Amino acid sequence: MKKLTTNQAVIVKGIAGQYYLHRYEPYFEGVAVPRGIFRKKKTIPLPGDLIEYSASGDPDIPYVIEKILPRKNELKRPPLANLDILLITVSASLPVPDFYLVDRLTAYAEILQITPFILLTKTDIDDSNVSEILNNYCPAGFPIYQLGFDNETELLRLKEDIKGEIVAFAGQSGVGKSTYLNLLFGDSLMETGELSNKAGRGKQTTRHIELFPTGISYVADTPGFQTINLAESGITGSQFADGYPEIKRLAAKCRFNNCTHIQEPGCAVLAADPEQIHPERLRRYQFLRGELDSFYDNMY
Ligand SMILES: Nc1nc2c(ncn2[C@@H]2O[C@H](COP(=O)(O)OP(=O)(O)O)[C@@H](O)[C@H]2O)c(=O)[nH]1
Ligand SMILES: [Mg+2]
Ligand SMILES: [Zn+2]
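## Comments concerning the sheet that holds strand S10 (residues 144-146)
Strand order in the open sheet made by the six strands is S10-S9-S8-S11-S13-S12, with mixed pairing throughout. Of all the strands in the sheet, the pair left with one neighbour each is S10 and strand S12 (211-213). Taking each pair of neighbouring strands and ignoring which way they run, the sheet shows an average axis angle of 25 degrees. Sheet topology places strand S11 (residues 166-170) next to strand S13 (residues 218-220); two bridges connect them, and they run parallel. For isoleucine 166, the partnering residue across the bridge sits in S13 and is tyrosine 218. Running over the sheet, helix H2 (residues 99-111) touches strand S8 (85-91), strand S9 (115-121) and S11 and is turned about 170 degrees from S8.

Take a look at the structure:
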């Protein structure tokens, strides 16, 4: 995340037109309403937005959002701006890894300029799948963390690498998202209860996304990334291919510059070694690409 100055903050939550601002350095917390101009322009502030604020003079709502800084990315579902890192959680034991889901999530993240981290959990229970997962995702260059209840070092390395960033968990149910959320931030998540109560303003039934300042980073309390529909997100076939760093690297050498890497002659991706792109990851890419291309073909 960008370093903030003293008139800037992060929106951590918005309820009924009021926005909860936070900054670590120097520490700041406050409630704000946007200037009228946003309403006219139909710009809706989102959690994760970096904003500039000023004092309003109103003791109930002491701040005004003057400006939303340019967004690095904007997610529709869940509604969130400027996500830096997606913590894609995969179990080395049970549940059996859903490689298609991991591929869709990594591609989605890459396309939106979110860094995909692979959190490989339960390595203390079973490490027989570890090398397969590493072989699939190392060629892409994604940071991978081998986590287990016996591996404190790797957890500390992860903690260090998410410092100052806006992060969210993703992955199948049962892989350890809640477990590692607590292992990473447990104590500080308790403390943020105070901020969220203040933000609660009585009974709140509608679903909203909230970023928790964890003392280290901001973590989204979203269950929204257990699945991702690429076509629904408006991602095209060629964008999808660019979501694979190892394909992107090789594609420059394909004979055709619109190569889909499915069956073209002179395709450098099809000709690559298993260390450059894992054969199963390539096969899954081809399946997902075919699915995406036929979705768009059928639309017109
Ligand atoms: N041994 C071991 N168990 C784990 C690990 N991560 C998660 N678990 C267990 O797996 C189960 C599901 O974890 P949970 O965090 O609820 O998964 P979620 O559905 O992704 O939030 C729980 O019983 C956890 O204790 C791990 O690294 N090692
Ligand atoms: Mg959970
Ligand atoms: Zn190709």
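## A word on the sheet that holds strand S1 (residues 8-15)
The sheet built from five strands closes into a barrel, its strands ordered S1-S2-S3-S5-S4 with mixed pairing. This sheet shows a mean twist of 55 degrees between the axes of neighbouring strands, independent of strand direction. Pairing of S1 with strand S2 (residues 18-23) involves five bridges; the strand directions are antiparallel. Considered in S2, the bridge of isoleucine 15 is made with glutamine 18.

## A closer look at the site of ligand 1
Taken together, 14 residues are adjacent to ligand 1, and Asp124, Gly174, Lys177, Thr179 and Tyr180 come closest. Interatomic distance of 3.3 Å between a backbone N/O atom of valine 175 and an oxygen atom of ligand 1. Between ligand 1 and the protein, one listed contact pairs an oxygen atom with a side-chain N or O atom of tyrosine 180 at 2.6 Å. A total of 580 Å² of accessible area belongs to ligand 1 in isolation, and the protein chains cover 70% of it.

## As for the coordination of the zinc ion (ligand 3)
Looking at the metal site, the zinc ion (ligand 3) is ligated by Cys254 (SG), Cys259 (SG), His261 (ND1) and Cys267 (SG), spaced 2.1 to 2.4 Å from it. When the donor residues of the zinc ion (ligand 3) are listed from N- to C-terminus, their spacing reads C-x4-C-x1-H-x5-C. Looking at cysteine 267, the relative accessible area reads 5%, which means it is buried.

## Observations regarding the packing of aromatic side chains
Aromatic rings in a pair are described by how distant their centres are and how their planes are angled relative to each other. Tallied over the full model, the rule gives 11 aromatic pairs. Here phenylalanine 99 and tyrosine 137 contribute two aromatic rings whose centre-to-centre distance is 6.4 Å and whose plane-to-plane angle is 15 degrees, an arrangement assigned as stacked. Of the two residues, phenylalanine 99 sits in helix H2 while tyrosine 137 sits in helix H3 (residues 130-137), which places them 38 residues apart along the sequence. No difference in accessibility class separates phenylalanine 99 from tyrosine 137, as the two residues are buried. Their ring planes at 75 degrees and their centres at 5.7 Å tell us that tyrosine 100 and phenylalanine 287 sit as a pair that is edge-to-face. Taken together, the residues tyrosine 100 in helix H2 and phenylalanine 287 in helix H9 (residues 279-299) connect sequence positions 187 residues apart. Ring-pair connections join several aromatic residues into one group, and the members of that group are Phe28, Tyr53 and Tyr63.

Analysis parameters
- In this numbering scheme, every chain counts its residues from 1 along its sequence in written order.
- In the order they appear in the text, chains get letters beginning with A and ligands get numbers beginning with 1.
- Under the rules for a predicted model, residues below a pLDDT of 70 receive no local features and side-chain atom pairs below 80 are neither given nor counted, while totals for whole chains, interfaces and linings still include all residues.
- Hydrogens are left out, water is left out, and the side-chain values use all remaining heavy atoms of the structure.
- By the convention used here, strands pair only if DSSP detects at least 2 bridges between them.
- Counting from the N terminus, the helices are DSSP H or I runs at least four residues long and the strands are E runs at least two residues long.
- Interaxial angles span 0 to 180 degrees and are taken between N-to-C directions of axes, which are lines fitted to C-alpha atoms, for helices over the stretch in contact.
- Note on contacts: a residue pair qualifies if any of its non-hydrogen atoms lie within 4.5 Å across the two residues.
- When at least one non-hydrogen atom of a residue lies within 4 Å of a molecule or strand, that residue is treated as near it.
- N or O atoms closer than or at 3.5 Å make up a polar contact, with two conditions inside protein: a donor-capable atom paired with an acceptor-capable one, and, for residues adjacent in sequence, both atoms drawn from side chains.
- In these tables, accessible area is a Shrake-Rupley quantity obtained with a 1.4 Å probe, and a residue counts as shielded only by the protein chains included in the view.
- Sites may look incomplete because water is not among the atoms; the donors themselves are N, O and S atoms within 2.8 Å of the metal, or within 3.2 Å for Na, K and Ca.
- The buried label applies to any residue whose accessible area, calculated with a 1.4 Å probe on protein chains only, is under 20% of its type's maximum; exposed applies above 50%, and partly exposed to all values in between.
- Centres within 6.5 Å are what make two rings of Phe, Tyr or Trp a pair, Trp counting through its six-membered ring; a difference in plane orientation under 30 degrees is then read as stacked, over 60 as edge-to-face, and the rest as tilted.

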